[in-house]
Amino acid sequence: MLKPINDRVIVMTVEKEETSRGGILLPDTAKEKPLKGKVLAIGPGKLLDNGKRQAMDVKVDDTVLYGKYTGTEVKVKGEEYLILRQDDILAVVK
């Protein structure tokens with residue numbers, strides 16, 4: 001498993017439906033990038049100038065929304081993950 005550092009968060013994207021409302025199957029090229037994911041791991045927090053760490057606002061198993069073009073996509077053992085900074089997370093879904 002990946003272990004994030006500082007204020008990084010490991011997210012597994014939540015896949016959207018593969019058909020349109022009318023029942024038409026959408027090819028991969030027509031799908032939008034998912035903007036929702038489940039937090040799998042969090043780092044210890046951002047290191048501040050005074051040497052202390054800023055607490056993380058998200059926790060493991062949170063479902064989060066993030067920006068469309070944020071983060072870095074990585075593939076580990078056939079699974080795709082997204083590594084984000086905590087600042088790239090827009091909201092936690094309750």
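Just above sits the structure.
Residues numbered from 1 in each chain as written. Predicted model: local features only at pLDDT ≥ 70, side-chain atom pairs only at ≥ 80, totals over all residues. Heavy atoms only, no water.

**Some points on the overall build of the chain**
Consideration 1: In terms of helices and strands, the chain carries zero helices and six strands.
Consideration 2: For the chain, the sequential pattern of α-helices and β-strands runs β-β-β-β-β-β.
Consideration 3: Nonlocal contacts in the chain, meaning residues at least 24 apart in sequence, comprise 63% of its contacts between residues at least 6 apart. (Helix = DSSP H or I, 4+ residues; strand = E, 2+ residues; numbered from the N terminus. Contact = heavy atoms within 4.5 Å.)

**Things to note about the nonpolar core**
Consideration 1: Core analysis: the biggest nonpolar cluster contains 10 residues, these being V9, V11, V39, M56, V58, V64, Y66, L82, L84 and I89.
Consideration 2: Broken down by secondary-structure element, the contributors of at least two residues to this core are β1 (8-13), β3 (63-66) and β5 (79-85).
Consideration 3: In this view, V64 contacts V11, L35, K36, G37, V39, V58, I89, A91 and V92; residues no more than four positions away in its chain are not counted. (Core = buried A, V, L, I, M, F, W, Y, C linked by side-chain atoms within 4.5 Å. Buried < 20%, exposed > 50% of the residue type's maximum accessible area, 1.4 Å probe, protein only.)

**Overview of the pairing of β1**
Consideration 1: Summarising the sheet, β1 and β5 pair through four bridges and their orientation is antiparallel. Along β5, the bridge assignment pairs V9 with L84.
Consideration 2: In terms of strand pairing, β1 meets strand β2 (residues 36-42) through five bridges, oriented antiparallel. Bridge pairing in β2 links V11 to V39. (Pairing = 2+ DSSP bridges.)

**Examining unusual backbone geometry**
Consideration 1: A positive phi is found at N6, a non-glycine position, where the angle reads about 50°.
Consideration 2: Mapped onto the elements, N6 comes out in the segment before β1.
Consideration 3: Phi is positive for D61, which is not a glycine, with a value near 80°.
Consideration 4: Mapped onto the secondary structure, D61 falls in the loop between β2 and β3.

**Looking at a nonpolar patch on the surface**
Consideration 1: A contiguous nonpolar surface patch, about 260 Å² in accessible area, is contributed by L65, L90 and V93.
Consideration 2: Tracing the backbone through its elements, the reader meets V93 in strand β6 (residues 89-93).
Consideration 3: Given the relative accessible area of 37%, V93 is considered partly exposed. (Patch = residues over 30% accessible without salt bridge, like charges linked within 9 Å, V, L, I, M, F, W, Y side chains within 5 Å. Areas by Shrake-Rupley, 256 points an atom, 1.4 Å probe, with all protein chains shown as cover. Salt bridge = Lys/Arg side-chain N within 4 Å of Asp/Glu carboxyl O.)

**Let's talk about the sheet that holds β6**
Consideration 1: Spatially, the six strands line up as an open sheet ordered β4-β5-β1-β2-β3-β6, and their pairing is antiparallel. With partners counted over all chains shown, the strands left at the sheet margins are β4 (72-76) and β6, one partner each. On average, adjacent strands in this sheet sit at an angle of 40° to one another, irrespective of strand direction. (Axes fitted to C-alpha atoms, helices over the stretch in contact; angles between N-to-C directions.)

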